[in-house]
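Listed here are the chains, written in short residue letters.
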Amino acid sequence: MRILITGKNGQLGKSIHKVVNSEVETNNNLNFHNFVFVGREELDLDSESNINHYFDSNDKFDIIINCAAYTAVDKAEEEKDIASQVNHLAVEQIAQIAKKQQAKLIHISTDYVFDGESDKAYLETDKTNPINVYGKTKLAGEKALQEIMPTDAIIIRTSWVYSEYGNNFVKTMLRLGKERDEINVVSDQIGSPTYATDLAGAILEIIKNKEFKEISQATQIYHYSNKGEISWCDFAKEIFKIAKVDCKVIPITTQQYPTPAKRPKNTLMSKDKIAEIFSVNIPDWKESLNTCMSILKEQK
Ligand SMILES: NC(=O)c1ccc[n+]([C@@H]2O[C@H](COP(=O)([O-])OP(=O)(O)OC[C@H]3O[C@@H](n4cnc5c(N)ncnc54)[C@H](OP(=O)(O)O)[C@@H]3O)[C@@H](O)[C@H]2O)c1
(Lines give C-alpha, C1' and ligand atoms only; values in the text may rest on other atoms or scores of the structure.)
Protein backbone atom coordinates (compact mmCIF):
# COMPACT_ATOMS: atom_id res chain seq x y z
CA MET A 1 0.00 0.00 0.00
CA ARG A 2 1.22 3.48 -0.85
CA ILE A 3 0.10 5.94 1.81
CA LEU A 4 0.50 9.69 1.39
CA ILE A 5 0.61 11.95 4.44
CA THR A 6 0.38 15.70 3.83
CA GLY A 7 1.50 18.31 6.37
CA LYS A 8 4.67 16.42 7.35
CA ASN A 9 6.05 19.42 9.27
CA GLY A 10 2.90 19.96 11.33
CA GLN A 11 2.09 18.51 14.76
CA LEU A 12 -0.02 15.65 13.45
CA GLY A 13 2.20 14.90 10.42
CA LYS A 14 5.26 14.64 12.68
CA SER A 15 3.37 12.53 15.20
CA ILE A 16 2.24 10.07 12.50
CA HIS A 17 5.87 9.83 11.36
CA LYS A 18 6.96 9.11 14.95
CA VAL A 19 4.29 6.44 15.51
CA VAL A 20 4.95 4.77 12.12
CA ASN A 21 8.68 4.58 12.91
CA SER A 22 8.12 3.11 16.34
CA GLU A 23 5.61 0.56 15.00
CA VAL A 24 7.96 -0.47 12.18
CA GLU A 25 10.75 -0.95 14.74
CA THR A 26 8.54 -3.28 16.78
CA ASN A 27 7.86 -5.30 13.64
CA ASN A 28 4.24 -4.36 13.41
CA ASN A 29 2.30 -5.13 10.22
CA LEU A 30 2.82 -1.53 9.03
CA ASN A 31 6.08 -2.86 7.53
CA PHE A 32 4.16 -3.75 4.38
CA HIS A 33 3.18 -0.16 3.68
CA ASN A 34 5.10 2.54 1.90
CA PHE A 35 4.53 5.83 3.74
CA VAL A 36 5.24 9.01 1.77
CA PHE A 37 5.40 12.17 3.91
CA VAL A 38 5.13 15.50 2.12
CA GLY A 39 5.28 19.11 3.25
CA ARG A 40 4.84 22.44 1.52
CA GLU A 41 8.15 21.89 -0.34
CA GLU A 42 6.83 18.82 -2.18
CA LEU A 43 3.08 19.45 -2.22
CA ASP A 44 2.13 23.12 -1.93
CA LEU A 45 -1.63 23.39 -1.44
CA ASP A 46 -1.68 27.07 -2.35
CA SER A 47 -2.68 26.52 -5.95
CA GLU A 48 -4.57 24.10 -8.14
CA SER A 49 -1.67 23.73 -10.59
CA ASN A 50 0.81 22.86 -7.80
CA ILE A 51 -1.49 20.12 -6.55
CA ASN A 52 -2.09 18.68 -10.04
CA HIS A 53 1.62 18.79 -10.77
CA TYR A 54 2.46 16.78 -7.63
CA PHE A 55 -0.07 14.03 -8.28
CA ASP A 56 0.66 13.90 -12.04
CA SER A 57 4.35 13.35 -11.40
CA ASN A 58 3.94 10.64 -8.73
CA ASP A 59 2.61 7.08 -8.71
CA LYS A 60 -0.93 6.48 -7.51
CA PHE A 61 -1.66 6.24 -3.80
CA ASP A 62 -3.92 3.74 -2.00
CA ILE A 63 -4.58 6.00 0.98
CA ILE A 64 -4.22 9.77 1.37
CA ILE A 65 -4.13 11.20 4.91
CA ASN A 66 -4.60 14.96 4.73
CA CYS A 67 -3.04 16.54 7.82
CA ALA A 68 -2.09 19.83 6.14
CA ALA A 69 -4.28 22.81 6.96
CA TYR A 70 -4.28 26.54 7.44
CA THR A 71 -4.48 26.49 11.26
CA ALA A 72 -3.81 30.11 12.29
CA VAL A 73 -7.29 30.75 13.69
CA ASP A 74 -6.91 34.50 14.34
CA LYS A 75 -4.87 35.27 11.21
CA ALA A 76 -7.51 33.52 9.10
CA GLU A 77 -9.90 36.41 9.82
CA GLU A 78 -7.55 38.58 7.69
CA GLU A 79 -6.31 35.90 5.28
CA LYS A 80 -9.67 34.50 4.20
CA ASP A 81 -8.54 33.61 0.68
CA ILE A 82 -5.47 31.62 1.73
CA ALA A 83 -7.40 29.85 4.50
CA SER A 84 -10.14 29.00 2.03
CA GLN A 85 -7.66 27.75 -0.58
CA VAL A 86 -5.94 25.34 1.85
CA ASN A 87 -8.90 24.26 3.99
CA HIS A 88 -11.60 24.14 1.33
CA LEU A 89 -10.46 24.26 -2.32
CA ALA A 90 -7.35 22.09 -1.87
CA VAL A 91 -9.44 19.51 0.04
CA GLU A 92 -11.97 19.50 -2.81
CA GLN A 93 -9.18 18.92 -5.32
CA ILE A 94 -7.51 16.20 -3.23
CA ALA A 95 -10.89 14.46 -2.96
CA GLN A 96 -11.27 14.57 -6.76
CA ILE A 97 -7.79 13.11 -7.18
CA ALA A 98 -8.38 10.44 -4.53
CA LYS A 99 -11.60 9.42 -6.27
CA LYS A 100 -9.85 9.22 -9.65
CA GLN A 101 -6.99 7.18 -8.16
CA GLN A 102 -9.49 5.01 -6.21
CA ALA A 103 -7.59 5.93 -3.07
CA LYS A 104 -9.18 6.10 0.38
CA LEU A 105 -9.06 9.55 1.92
CA ILE A 106 -8.69 10.38 5.62
CA HIS A 107 -9.18 14.08 6.21
CA ILE A 108 -8.75 15.94 9.50
CA SER A 109 -11.23 18.59 10.57
CA THR A 110 -12.02 20.57 13.68
CA ASP A 111 -14.37 21.11 16.62
CA TYR A 112 -14.59 24.73 15.39
CA VAL A 113 -17.25 23.67 12.85
CA PHE A 114 -19.63 24.01 15.84
CA ASP A 115 -20.85 27.26 17.38
CA GLY A 116 -20.22 25.98 20.92
CA GLU A 117 -23.69 26.85 22.21
CA SER A 118 -24.62 23.26 23.09
CA ASP A 119 -24.57 22.12 26.71
CA LYS A 120 -23.87 18.52 25.72
CA ALA A 121 -20.98 16.76 23.99
CA TYR A 122 -21.36 17.19 20.22
CA LEU A 123 -22.28 14.16 18.13
CA GLU A 124 -21.13 13.78 14.52
CA THR A 125 -24.72 14.34 13.40
CA ASP A 126 -25.20 17.60 15.32
CA LYS A 127 -25.80 20.81 13.42
CA THR A 128 -22.67 22.69 12.41
CA ASN A 129 -22.52 26.47 12.59
CA PRO A 130 -18.96 27.83 12.57
CA ILE A 131 -18.44 31.28 14.08
CA ASN A 132 -15.02 32.13 12.64
CA VAL A 133 -13.30 32.05 9.24
CA TYR A 134 -11.12 29.05 10.12
CA GLY A 135 -14.20 27.01 11.14
CA LYS A 136 -16.11 28.11 8.03
CA THR A 137 -13.30 27.11 5.67
CA LYS A 138 -12.83 23.75 7.41
CA LEU A 139 -16.57 23.06 7.18
CA ALA A 140 -16.55 23.98 3.48
CA GLY A 141 -13.71 21.44 3.04
CA GLU A 142 -15.75 18.74 4.82
CA LYS A 143 -18.80 19.42 2.65
CA ALA A 144 -16.85 19.44 -0.63
CA LEU A 145 -15.18 16.16 0.31
CA GLN A 146 -18.50 14.51 1.17
CA GLU A 147 -20.04 15.65 -2.10
CA ILE A 148 -17.17 14.37 -4.24
CA MET A 149 -16.57 11.20 -2.24
CA PRO A 150 -19.87 9.88 -0.87
CA THR A 151 -17.92 6.66 -0.26
CA ASP A 152 -14.35 5.69 0.70
CA ALA A 153 -13.44 8.68 2.84
CA ILE A 154 -13.47 9.53 6.51
CA ILE A 155 -13.36 12.88 8.25
CA ILE A 156 -11.94 13.01 11.76
CA ARG A 157 -12.79 16.13 13.75
CA THR A 158 -10.34 16.83 16.52
CA SER A 159 -9.78 19.60 19.08
CA TRP A 160 -7.10 21.49 21.07
CA VAL A 161 -4.18 19.62 19.48
CA TYR A 162 -0.82 19.70 21.28
CA SER A 163 2.40 17.73 21.00
CA GLU A 164 6.13 17.97 21.50
CA TYR A 165 6.28 19.57 18.02
CA GLY A 166 5.59 23.10 16.75
CA ASN A 167 3.72 25.74 18.70
CA ASN A 168 0.86 24.81 20.95
CA PHE A 169 -0.82 25.69 24.25
CA VAL A 170 1.34 23.38 26.37
CA LYS A 171 4.60 24.81 25.06
CA THR A 172 3.30 28.39 25.32
CA MET A 173 2.27 27.86 28.96
CA LEU A 174 5.65 26.33 29.84
CA ARG A 175 7.40 29.37 28.34
CA LEU A 176 5.10 31.95 29.98
CA GLY A 177 5.20 30.08 33.31
CA LYS A 178 8.95 30.66 33.47
CA GLU A 179 8.64 34.37 32.63
CA ARG A 180 5.70 35.35 34.86
CA ASP A 181 4.39 34.96 38.40
CA GLU A 182 0.76 34.87 37.30
CA ILE A 183 -1.17 34.41 34.09
CA ASN A 184 -4.77 34.99 32.98
CA VAL A 185 -6.41 32.04 31.21
CA VAL A 186 -9.98 31.73 29.95
CA SER A 187 -12.16 29.47 32.05
CA ASP A 188 -15.43 29.56 30.08
CA GLN A 189 -14.34 27.69 26.96
CA ILE A 190 -14.84 23.97 27.50
CA GLY A 191 -13.49 21.08 25.46
CA SER A 192 -10.97 18.30 25.43
CA PRO A 193 -7.30 18.44 24.50
CA THR A 194 -5.85 16.00 21.96
CA TYR A 195 -2.29 14.72 22.22
CA ALA A 196 -1.29 14.43 18.54
CA THR A 197 0.46 11.09 19.21
CA ASP A 198 -2.86 9.60 20.36
CA LEU A 199 -4.64 10.84 17.24
CA ALA A 200 -1.78 9.53 15.08
CA GLY A 201 -2.13 6.13 16.79
CA ALA A 202 -5.89 6.17 16.19
CA ILE A 203 -5.40 6.95 12.47
CA LEU A 204 -2.95 4.08 12.10
CA GLU A 205 -5.38 1.75 13.91
CA ILE A 206 -8.08 2.82 11.47
CA ILE A 207 -6.04 2.04 8.34
CA LYS A 208 -5.33 -1.44 9.72
CA ASN A 209 -9.01 -2.01 10.50
CA LYS A 210 -11.06 -4.44 8.39
CA GLU A 211 -13.98 -2.03 8.41
CA PHE A 212 -11.87 0.75 6.80
CA LYS A 213 -10.36 -1.54 4.16
CA GLU A 214 -13.76 -2.45 2.68
CA ILE A 215 -14.44 -0.76 -0.65
CA SER A 216 -17.43 1.55 -1.26
CA GLN A 217 -18.29 2.12 2.39
CA ALA A 218 -20.25 5.34 2.93
CA THR A 219 -18.10 8.32 3.90
CA GLN A 220 -18.32 8.99 7.63
CA ILE A 221 -17.44 11.70 10.12
CA TYR A 222 -15.83 10.74 13.46
CA HIS A 223 -14.83 12.76 16.50
CA TYR A 224 -11.53 12.18 18.27
CA SER A 225 -9.89 13.89 21.25
CA ASN A 226 -8.62 12.70 24.61
CA LYS A 227 -11.06 11.67 27.33
CA GLY A 228 -12.27 14.32 29.79
CA GLU A 229 -13.90 17.72 29.89
CA ILE A 230 -11.89 20.79 30.88
CA SER A 231 -11.42 24.52 30.34
CA TRP A 232 -8.22 26.16 29.07
CA CYS A 233 -7.74 27.35 32.65
CA ASP A 234 -7.86 23.76 34.01
CA PHE A 235 -5.43 22.78 31.26
CA ALA A 236 -2.94 25.51 32.24
CA LYS A 237 -3.18 24.59 35.94
CA GLU A 238 -2.39 20.94 35.21
CA ILE A 239 0.56 21.89 32.97
CA PHE A 240 2.09 23.96 35.79
CA LYS A 241 1.34 21.24 38.34
CA ILE A 242 3.14 18.57 36.31
CA ALA A 243 6.06 20.90 35.48
CA LYS A 244 6.21 22.08 39.13
CA VAL A 245 6.09 25.68 37.90
CA ASP A 246 5.11 28.25 40.47
CA CYS A 247 2.84 30.48 38.35
CA LYS A 248 -0.64 31.45 39.53
CA VAL A 249 -3.41 30.82 37.00
CA ILE A 250 -6.16 33.44 37.17
CA PRO A 251 -9.46 32.42 35.55
CA ILE A 252 -10.90 35.02 33.18
CA THR A 253 -13.87 35.09 30.81
CA THR A 254 -13.71 35.03 27.01
CA GLN A 255 -15.07 38.59 27.11
CA GLN A 256 -12.02 39.66 29.11
CA TYR A 257 -9.69 38.18 26.48
CA PRO A 258 -10.81 39.51 23.08
CA THR A 259 -9.25 37.86 20.01
CA PRO A 260 -9.69 38.62 16.27
CA ALA A 261 -11.52 35.30 15.78
CA LYS A 262 -14.48 34.38 17.97
CA ARG A 263 -14.06 31.09 19.87
CA PRO A 264 -16.92 28.64 20.50
CA LYS A 265 -17.73 28.10 24.21
CA ASN A 266 -18.34 24.38 24.46
CA THR A 267 -16.75 22.15 21.86
CA LEU A 268 -16.67 18.95 23.82
CA MET A 269 -17.21 16.10 21.34
CA SER A 270 -18.53 12.58 21.89
CA LYS A 271 -16.01 9.91 20.89
CA ASP A 272 -18.47 7.00 21.15
CA LYS A 273 -18.73 6.43 17.39
CA ILE A 274 -14.98 6.11 16.68
CA ALA A 275 -14.53 3.94 19.79
CA GLU A 276 -17.36 1.64 18.76
CA ILE A 277 -16.48 1.27 15.06
CA PHE A 278 -12.67 1.18 15.21
CA SER A 279 -11.95 0.33 18.89
CA VAL A 280 -9.25 3.02 18.96
CA ASN A 281 -7.44 3.91 22.15
CA ILE A 282 -8.73 7.13 23.78
CA PRO A 283 -6.49 7.95 26.76
CA ASP A 284 -7.52 10.34 29.51
CA TRP A 285 -6.24 13.90 28.90
CA LYS A 286 -4.12 13.97 32.08
CA GLU A 287 -2.39 10.71 31.25
CA SER A 288 -1.46 11.97 27.75
CA LEU A 289 -0.40 15.38 29.03
CA ASN A 290 2.01 13.63 31.42
CA THR A 291 3.40 11.56 28.53
CA CYS A 292 3.97 14.60 26.31
CA MET A 293 5.49 16.64 29.12
CA SER A 294 7.94 13.92 30.07
CA ILE A 295 9.12 13.83 26.43
CA LEU A 296 9.47 17.64 26.44
CA LYS A 297 11.48 17.41 29.68
CA GLU A 298 13.84 14.83 28.16
CA GLN A 299 14.36 17.08 25.13
CA LYS A 300 15.60 19.98 27.27
N1 LIG B 1 -3.91 22.50 16.16
C2 LIG B 1 -5.13 22.41 16.68
O3 LIG B 1 -5.37 22.83 17.83
C4 LIG B 1 -6.24 21.78 15.89
C5 LIG B 1 -7.53 21.74 16.44
C6 LIG B 1 -8.57 21.16 15.73
C7 LIG B 1 -8.31 20.60 14.48
N8 LIG B 1 -7.06 20.64 13.96
C9 LIG B 1 -6.83 20.07 12.63
O10 LIG B 1 -5.90 19.01 12.77
C11 LIG B 1 -5.09 18.91 11.59
C12 LIG B 1 -3.62 18.88 11.98
O13 LIG B 1 -3.32 20.08 12.66
P14 LIG B 1 -1.89 20.38 13.28
O15 LIG B 1 -2.10 20.77 14.69
O16 LIG B 1 -0.95 19.28 12.94
O17 LIG B 1 -1.56 21.70 12.45
P18 LIG B 1 -0.16 22.39 12.19
O19 LIG B 1 0.84 21.96 13.20
O20 LIG B 1 -0.45 23.83 12.01
O21 LIG B 1 0.28 21.77 10.80
C22 LIG B 1 -0.38 22.07 9.61
C23 LIG B 1 0.59 21.83 8.48
O24 LIG B 1 -0.08 22.20 7.27
C25 LIG B 1 0.88 22.77 6.45
N26 LIG B 1 0.35 23.70 5.45
C27 LIG B 1 -0.30 24.86 5.68
N28 LIG B 1 -0.54 25.50 4.51
C29 LIG B 1 -0.03 24.69 3.54
C30 LIG B 1 0.06 24.80 2.14
N31 LIG B 1 -0.43 25.84 1.49
N32 LIG B 1 0.66 23.80 1.45
C33 LIG B 1 1.19 22.73 2.10
N34 LIG B 1 1.15 22.58 3.44
C35 LIG B 1 0.55 23.57 4.14
C36 LIG B 1 1.82 23.55 7.35
O37 LIG B 1 3.03 23.70 6.68
P38 LIG B 1 4.18 24.68 7.18
O39 LIG B 1 4.77 23.97 8.36
O40 LIG B 1 5.11 24.76 6.03
O41 LIG B 1 3.50 25.97 7.51
C42 LIG B 1 1.88 22.65 8.59
O43 LIG B 1 3.01 21.82 8.55
C44 LIG B 1 -5.52 20.08 10.71
O45 LIG B 1 -6.46 19.63 9.77
C46 LIG B 1 -6.20 21.03 11.66
O47 LIG B 1 -7.17 21.84 11.01
C48 LIG B 1 -6.01 21.20 14.66
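This one's a predicted model, so the numbers in the text were calculated from it and none came from an experiment.

### Description of the packing of helix H5 (residues 169-179) against helix H10 (residues 285-299)
Contact geometry for H5 and H10: axes closest at 11 Å, N-to-C directions at 60 degrees. Accordingly, the angle class assigned to the pair H5 and H10 is oblique. When the axes of H5 and H10 are compared, the crossing they make is right-handed. Residues Val170, Lys171 and Leu174 of H5 form the contact with H10, whose participating residues are Leu289, Met293 and Leu296. A per-class count over the contact of H5 with H10 returns 5 nonpolar, no polar and 1 charged.

### Side note on helix H2 (residues 48-56)
Here H2 has its buried residues at Ile51, Tyr54 and Phe55. Projected down its long axis, H2 shows its buried positions confined to an angular sector of 90 degrees, all on one face. Opposite the buried face of H2, at more than 90 degrees from it, the exposed residues are Ser49, His53 and Asp56. On its buried side, H2 packs onto strand S1 (2-6), strand S2 (34-38), strand S3 (63-66) and helix H3 (80-101).

### A closer look at the site of the ligand
In the vicinity of the ligand there are 24 residues, among which Leu12, Asp46, Thr71, Tyr134 and Lys138 approach most closely. Within the backbone of Gly10, one N or O atom sits 3.0 Å away from an oxygen atom of the ligand. In this structure, an oxygen atom belonging to the ligand sits 3.1 Å away from a main-chain N or O atom of Ala69. For the ligand, whose free accessible area comes to 900 Å², the fraction covered by protein is 82%. For the shell around the ligand, the elements supplying multiple residues, two or more each, are helix H1 (11-25), strand S4 (104-110) and helix H4 (133-148). Counting residues per element, the shell around the ligand draws most heavily on S4, which supplies 3 residues. Grouping the constituent residues of the shell around the ligand by class yields 11 nonpolar, 8 polar and 5 charged.

### Let's talk about the nonpolar core
Burial of nonpolar side chains together is a common tendency in soluble globular proteins. The biggest cluster of nonpolar side chains holds 34 residues, and the ones touching the most others in it are Leu4, Leu43, Leu45, Tyr54, Phe55, Ile64 and Leu105. For this core, the secondary-structure elements that each account for two or more residues are S2, H2, H3, H4 and strand S5 (153-158). Looking at this core, the element that brings in the most residues is H3, giving 8 residues. Once residues within four sequence positions are removed from consideration, Tyr54 is found in contact with Leu4, Val36, Val38, Glu42, Leu43 and Phe61. Formed by 29 residues, the second largest nonpolar core is a distinct cluster that contains Ile5, Ala202, Ile206 and Tyr222.

### Details of the environment of Pro251
With respect to the helices and strands, Pro251 occurs in strand S12 (residues 248-252). A relative accessible area of 47% means that Pro251 is categorised as partly exposed. In the structure, Pro251 is positioned 90 residues away from Val161 in sequence and 21 Å away in space, judged by C-alpha atoms. Contact partners of Pro251, with chain neighbours within four places excluded, come to Val185, Ser187 and Cys233.

### Some details on the environment of Ile155
Structurally, Ile155 can be placed in strand S5. For the pair formed by Ile155 and Gln220, sequence separation is 65 residues and the distance between their alpha carbons is 6.3 Å.

### Considering the side chain of Asn168
Looking at where Asn168 falls in the secondary structure, it is placed in the loop between strand S6 (161-162) and H5. Taking the relative accessible area as the measure of exposure, Asn168 reaches 6% and is therefore buried. Ignoring any residue separated from it by four or fewer positions in sequence, one finds Asn168 in contact with Gln11, Val161, Tyr162 and Ser163.

### Details of the packing of aromatic side chains
Under the defined criterion, the tally for this structure stands at 14 aromatic pairs. An angle of 20 degrees between the planes, with centres 5.5 Å apart, marks the rings of Tyr162 and Tyr195 as stacked. Linking Tyr162 in strand S6 with Tyr195 in strand S9 (residues 194-195), this pair joins segments that are 33 residues apart in sequence. Residue Tyr162 is classed as buried on the basis of its relative accessible area of 1%. Relative accessible area serves as the criterion here: at 2%, Tyr195 is assigned to the buried category. These aromatic residues form a ring-pair network of at least three members: Trp160, Tyr162, Phe169, Tyr195, Trp232, Phe235 and Trp285.

### Focus on helix H8 (residues 232-243)
With 12 residues, H8 extends 17 Å from end C-alpha to end C-alpha; this agrees with the ideal 16 Å at 1.5 Å per step. Tucked inside the fold, the buried residues of H8 contact S6, H5, strand S7 (182-186), strand S11 (230-231), S12 and H10. Trailing H8 by a residue or two, Lys244 shows a phi angle of about 55 degrees, which is positive.

Thresholds, definitions, all that
- Residues numbered from 1 in each chain as written.
- Predicted model: local features only at pLDDT ≥ 70, side-chain atom pairs only at ≥ 80, totals over all residues.
- Heavy atoms only, no water.
- Axes fitted to C-alpha atoms, helices over the stretch in contact; angles between N-to-C directions.
- Helix = DSSP H or I, 4+ residues; strand = E, 2+ residues; numbered from the N terminus.
- Parallel < 35°, antiparallel > 145°, perpendicular 65-115°, else oblique.
- Left-handed = near helix turned anticlockwise from the far one by under 90°.
- Contact = heavy atoms within 4.5 Å.
- Nonpolar A, V, L, I, M, F, W, Y, C, P; charged D, E, K, R; others polar.
- Buried < 20%, exposed > 50% of the residue type's maximum accessible area, 1.4 Å probe, protein only.
- Arc of directions from axis to C-beta.
- Near = heavy atom within 4 Å.
- Polar contact = N/O pair within 3.5 Å; in protein donor to acceptor, adjacent residues only side chain to side chain.
- Areas by Shrake-Rupley, 256 points an atom, 1.4 Å probe, with all protein chains shown as cover.
- Core = buried A, V, L, I, M, F, W, Y, C linked by side-chain atoms within 4.5 Å.
- Phe/Tyr/Trp six-rings, centres within 6.5 Å; stacked < 30°, edge-to-face > 60°.
- Expected span 1.5 Å × (residues − 1).

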